Amino acid sequence: MWGLDATGWDAVQLSLKVALVATVATLPVALWLAWLLARRSFFGKSALNALVHLPLVLPPVVTGYALLVLFGRSGPLGQFFDTVFGLEFAFRWTGAALAAAVMALPLMVRAIRLAIEAVDPKLEAAAATLGAPKASVFTTITLPLILPGILAGVVMGFAKALGEFGATITFVASIPGETQTIPSAIYSLLQVPGQESAAARLVLCAALLAIAAVFLSEWLARRIAQRISGA
Amino acid sequence: MSLEANIQHRFGDFSLDLNLEPSAGVTALFGRSGSGKSTVINVLNGLLRPDHGTVTLDGVTLLNDQINVPPHKRRMGCVFQDARLFPHLNVAQNLDYGTRFAKQNSDISRAQVIELLGLNALLNRRPSTLSGGEKQRVAIGRALLSAPRMLLMDEPLAALDAPRKAEILPYLERLKTDTGLPIIYVSHSMDEIARLADNIVILRDGRATTQGPIFDVLSDPKNIPMLGVREAGALVRAKVISHGADGISTLSIGAETLDLPGVDATVGSIVRLRILAQDIILALDAPTGLSAMNVLPVTITSIQDGSGPGAAIQLNAGGEHLLARVTSRSVERMGLKPQMTCYAIVKAMAVAPEAIGHG
């Protein structure tokens, strides 16, 4: 399809899987962190804020190296997840998803946090006086009102996850069919003379995916805006 | 209903220290901005925990040093100055919001609320398309349908212009008589309070300086400094006797009659009039050749010298109290003394039709 060979097609499928898993798994975490940072005050808040944003400012290779040290086979967290959940990250597609998730997290937290901060706490207070417990206030008032922010965060996170290269290749290398996502496949193809056209096809594929994601999110954003304002 | 609240709270330079025991009906909290009115409301509804305080409602403790019942379990229906309708829900969904959490039915049905507040045509609209007055009516309905034990209204009309206020006040009067729900009504507008309240608490710098039945408090000259000289004026009950073809209505106060422009009430009904102290002129003899139609024979019941050049005089007119404000110089020149009889002249146009309340 689209003139892609088996390796290229594997890369596209793997990229979609990795980006999708990374985004879906990060969303609840990002939502919780955004809520903590927007609505709570606690000791170490600015440290947490800095930690969340670290992958945004660090060179991706450094983030990949940190993941390798922490989640590698002999890394403390790597061993923990292996023994407790039987989940291995090193040189697996799950590791690529983890790298993509860590890189996408700050973008998602930022978008959602801004959306939460834009919700008037007085509306939440009014809901409480009408008998709504805290959890219901969140699901019936806060959540619907921040939906556009969540969508923006998800789109940015997904795009970041799809395009992640530095941390991924440092952490899980570029194993065709296992960890070779579109960006690392393009990179590998460009290392070999005569593979330019195969690389170009993947580049086109990546561009189409990105454009499709933008259109989908625009369409969703319009529908959500309609539901919120009723206009 | 019996609510008792004792609140001590301090933030920055401001300290709140008061004891409230509002009785049934509408209790107005009156005070300038910064007097602590909204803080009291937020302590009652649980949104603010004061430094110290106790709140009990019908014998159930909502707040003391150990207990702090969260807002969603207090069943205090709140109406805020800025309606706070949920923008992503339409009017019907806003109205029903509290119903799903209520463990018991409201005393008033959904259909009654919609009828009472005239919401039928608005049900499918979104808050963003409503006028300020419509928003406030929806907010009141939403609070009523959450099965509240009482209503807390925090400056519900303050953000509205005069025509919108005039549009909502009749709804509030109906709310009071139709539901019988105890209401705490916060306002800095004596016009609203005079129309609605049964009792009043005057707040000043975080203290409740005066509390009592509205008719007593407003006719007591001692309270003028608390109300402000321009706001001072007694509230009197009058009965509508007839409506003249020339647009002038005749009302009776005890044995005396009063002619006022177009009173919007049926013949035989009782209305409440607030006659500002500065709109009453006193005369020793019944004047003649005067444009003012209302000359009431009155007895002076007390004279209170103010801090400035004015004096407040309480009058008995046919069993109802009036309050007049004249200069101390006039008191001296006319030789006014308690128990003296004289004449109070009330200009008919001094009582605006929209300042007349029911009951």
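Small disclaimer: the values here were computed from a predicted structure and weren't measured.

**Q** I tried to follow the overall build of chain B on my own but got confused; where do I start?
**A** The secondary structure content of chain B amounts to nine helices and 20 strands. A globule of 359 residues ought to have a C-alpha radius of gyration of about 21 Å, and chain B, at 22 Å, matches this closely. A principal-axis box enclosing the C-alpha atoms of chain B has dimensions of 65 × 50 × 30 Å. Looking at the 359 residues of chain B, the share that counts as buried comes to 45%. Long-range pairs, those at least 24 residues apart, make up 69% of the contacts in chain B with a sequence separation of at least 6.

**Q** Would you take a moment to explain the overall build of chain A for this structure?
**A** Per the secondary structure count, chain A includes 10 helices and zero strands. Reading chain A from its N terminus to its C terminus gives the helix and strand order α-α-α-α-α-α-α-α-α-α. With the principal axes as the frame, chain A shows a C-alpha extent of 70 × 45 × 30 Å. For chain A, buried positions account for 39% of its 231 residues. Taking all contacts inside chain A whose residues are at least 6 apart in sequence as the whole, residues at least 24 apart take part in 76%.

**Q** What am I meant to see in the nonpolar core here?
**A** One recurring pattern in soluble globular proteins is that nonpolar side chains are buried together. Core analysis: the largest hydrophobic core is formed by 161 residues, its most contacted members being A:Ala99, A:Ala100, A:Ile112, B:Leu322, B:Ala324 and B:Ala344. Considering every element that reaches this core, the biggest residue donor is helix 5 (residues 93-118) of chain A, with 17 residues. If near-sequence neighbours (up to four positions away) are discounted, A:Ile112 is found in contact with A:Ala30, A:Leu31, A:Ala34, A:Ile146, A:Gly149, A:Ile150 and A:Gly153.

**Q** Would you mind showing me how to read the sheet that holds strand 14 (residues 270-276) of chain B here?
**A** Think of a sheet as strands paired side by side through backbone hydrogen bonds, with each pair either parallel or antiparallel. All names here are of chain B. Strand order in this open sheet of five strands is 13-12-11-14-20, and the pairing throughout is antiparallel. One side of each edge strand has no neighbouring strand; the edge strands of this open sheet are strand 13 (256-261) and strand 20 (357-358). As paired elements, strand 11 (residues 233-243) and strand 14 share seven bridges and run antiparallel to each other. Its bridge partner lying in strand 14, Val236 is registered against Leu273.

**Q** Is there a simple way to explain the environment of B:Pro71 in this structure?
**A** Looking at where B:Pro71 falls in the secondary structure, it is placed in the loop between strand 5 (60-63) and strand 6 (76-79). Residues in contact with B:Pro71, not counting those within four places in the same chain, are A:Ala128, A:Thr129, B:Asn45, B:Gly46 and B:Leu47.

**Q** Sorry if this is basic, but what is going on with the confidence of the model for chain B here?
**A** Caution is warranted with low-pLDDT regions, since their predicted coordinates should not be read in detail. All names here are of chain B. Overall, the prediction assigns chain B a mean pLDDT of 88, with 99% of residues at 70 or greater. Of all the helices and strands in chain B, strand 20 carries the lowest mean pLDDT, 74, while helix 2 (residues 91-96) carries the highest, 95. Both scores are available for the predicted complex, with the pTM at 0.84 and the ipTM at 0.84.

Rules used in this analysis
- Residues numbered from 1 in each chain as written.
- Chains lettered and ligands numbered in written order.
- Predicted model: local features only at pLDDT ≥ 70, side-chain atom pairs only at ≥ 80, totals over all residues.
- Helix = DSSP H or I, 4+ residues; strand = E, 2+ residues; numbered from the N terminus.
- Rg over C-alpha atoms; globule rule 2.2 N^0.38 Å.
- Buried ≥ 20, exposed ≤ 12 C-beta atoms within 10 Å, placed from the backbone.
- Contact = placed C-beta atoms within 7 Å.
- Core = buried A, V, L, I, M, F, W, Y, C linked by C-beta atoms within 7 Å.
- Pairing = 2+ DSSP bridges.
- pLDDT = per-residue confidence, 0-100.

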